[in-house]
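Inside the fold
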Amino acid sequence: MSEKNTSPSQRLRRLRKTPAMRALLQEHHLHIEDLILPVFVEENLKKRTAIKSLPGVFRETEESLVNAIQDAEKAGLKAIILFGISHSKDKTGSDSFSAKGLLARMVKAAKAAAPDMLIIADVCFCEYTNHGHCGVLDKNGDVDNDATLKNLAKQAVIAANAGADISAPSGMMDGMVATIRAALDKHGHTDIPILSYAAKFASSYYGPFRDAAGCSLGADKAARKDRKTYQMNPANAEEALREVEQDIAEGADMVMVKPGLPYLDIVKSVKDTFQMPTFAYHVSGEYAMLKAAADQGTLDYEETLMETLLCFKRAGCDGIITYAALDAAHLLKT
């Protein structure tokens, strides 16, 4: 009596045998066009300055911004998102809705430097207020949602007038998308899409960004609340879908989940549920940890970076904001 053949008839390893086979059957791919580079611009800065908590990232001067944008374009990147570090802060962030303010100036300079580059304007107030919150404060030290909406409308129009291609509200104010859409349309910017930070969580991964953008809380004692009253609880997935659904109903053209890697389950749920253009932000803490591990020799920076970004794509991302955009672009070209 012959022995029963117990060897597997289906051997999935056959499909991994050679680099050519693996490449042929790869399900998801990362492209340079998927990457968006954050750029920080500091008012009155004399020389571009390295950001200690974000190795390889700089605060640009208003003059060096031109070279930074052109370098991004030469690397093949198609989009950047701008963050201003204001020296003209007040309680409302009024400099950001002035036609002569930093937001308007840096958007205009970026667009002039690279007319074909997509310039995304971060529409928020944390970088422009002296208390670091994302809007006007009420008497209890919390952000006044509806008063902030009025200012967001002004800010979005100022950015669009200066040449921004995309408006990206990040403050998690209820009604922000509808308010911005109405304001843009009223001022003739019906063709400017809105990329909403639709599910932005109150995350500890943002620490290095707040150092980079100069928007930590506490400069004004009136700011007694933290950001957890408007940013989302990291434990809540169903609420994230409700937030995204609301923003889509208000007119969002694209939606974003922030942070990235720890929230890829949210990214996948958003993409599967709504089939909308879906973005994620590979945030400062995620990037800084990767850099620190690489500096210690614990991880290979390039291999881990590319695996990380590919995981964003696998989860459903159409675009990824990442501080490693230039590094990834160079690697994709080799």
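Here is a short report on the structure shown in this document. What you are looking at is a predicted structure, and each value in this text was computed from that prediction instead of being measured.

**Here we look at the overall build of the protein chain**
Across its full length, the protein chain holds 11 helices and 10 strands. Along the first, second and third principal axes, the C-alpha atoms of the protein chain reach 90 × 40 × 40 Å. Counting every position in the protein chain, which comprises 334 residues, the buried fraction comes to 54%. Restricting the contact set of the protein chain to residue pairs at least 6 apart, pairs at least 24 apart contribute 75%. Measuring between centres, the 40 positive side-chain charges of the protein chain sit 3 Å from its 44 negative side-chain charges.

**What about the pairing of strand S10 (residues 319-322)?**
Where burial is concerned, the two faces of S10 agree: the one with Gly319 and Ile321 and the one with Ile320 and Thr322 are both buried. Of the strand pairs in this sheet, strand S9 (residues 278-282) and S10 are connected by 4 bridges, and their pairing is parallel. Of the residues in S10, the one forming a bridge with Phe279 is Gly319.

**Quick word on the packing of helix H10 (residues 301-315) against helix H11 (residues 325-333)**
H11 packs onto H10 with a crossing angle of 95 degrees between their chain directions and a minimal axis gap of 11 Å. Here H11 runs roughly perpendicular to H10, going by the angle between their axes. Of H11, the residues touching H10 (which contributes Tyr301, Glu302, Leu305, Met306 and Leu309) are Asp327, Ala328, Leu331 and Leu332. The residue makeup of the contact of H10 with H11, split by class, is 7 nonpolar, no polar and 2 charged.

**Quick notes on helix H7 (residues 238-250)**
Spanning 13 residues, H7 covers 19 Å between terminal C-alpha atoms, matching the ideal 18 Å at 1.5 Å per step. Taken together, the buried positions of H7 are Ala240, Glu243, Val244 and Asp247. Down the axis of H7, the buried set is contained in an arc of 95 degrees. They therefore lie on one face. The exposed set on the far side of H7, more than 90 degrees from its buried face, consists of Glu238, Arg242 and Ala249. For H7, the elements touching its buried residues are helix H5 (176-186), strand S7 (195-200), strand S8 (254-258) and helix H8 (264-274).

**Comments concerning the side chain of Ser196**
Take Ser196: it is sitting in strand S7. Apart from residues no more than four positions distant in its own chain, Ser196 is found in contact with Pro169, Met176, Val177, Asp247, Ala252, Met254, Val255 and Met256.

**A closer look at the environment of Glu27**
Assignment of secondary structure puts Glu27 in the loop between helix H1 (19-24) and strand S1 (35-42). A relative accessible area of 71% means that Glu27 is categorised as exposed. With 45 residues separating them in the primary sequence, Glu27 and Ala72 have C-alpha atoms 28 Å apart.

**With respect to the environment of Asp71**
By the element assignment, Asp71 lies in helix H2 (residues 64-74). Sequence separation between Asp71 and Met176 is 105 residues; the distance between their C-alpha atoms is 33 Å.

**Regarding a positive patch on the surface**
There is a patch of like positive charges on the surface, built from Arg11, Arg13, Arg14 and Arg16. In this structure, Arg13 sits in the segment before H1.

Rules used in this analysis
- Residues numbered from 1 in each chain as written.
- Predicted model: local features only at pLDDT ≥ 70, side-chain atom pairs only at ≥ 80, totals over all residues.
- Heavy atoms only, no water.
- Helix = DSSP H or I, 4+ residues; strand = E, 2+ residues; numbered from the N terminus.
- Buried < 20%, exposed > 50% of the residue type's maximum accessible area, 1.4 Å probe, protein only.
- Contact = heavy atoms within 4.5 Å.
- Lys, Arg positive; Asp, Glu negative; His and termini not counted.
- Charge placed at Lys NZ, Arg CZ, Asp CG, Glu CD.
- Pairing = 2+ DSSP bridges.
- Axes fitted to C-alpha atoms, helices over the stretch in contact; angles between N-to-C directions.
- Parallel < 35°, antiparallel > 145°, perpendicular 65-115°, else oblique.
- Nonpolar A, V, L, I, M, F, W, Y, C, P; charged D, E, K, R; others polar.
- Expected span 1.5 Å × (residues − 1).
- Arc of directions from axis to C-beta.
- Patch = residues over 30% accessible without salt bridge, like charges linked within 9 Å, V, L, I, M, F, W, Y side chains within 5 Å.
- Areas by Shrake-Rupley, 256 points an atom, 1.4 Å probe, with all protein chains shown as cover.
- Salt bridge = Lys/Arg side-chain N within 4 Å of Asp/Glu carboxyl O.

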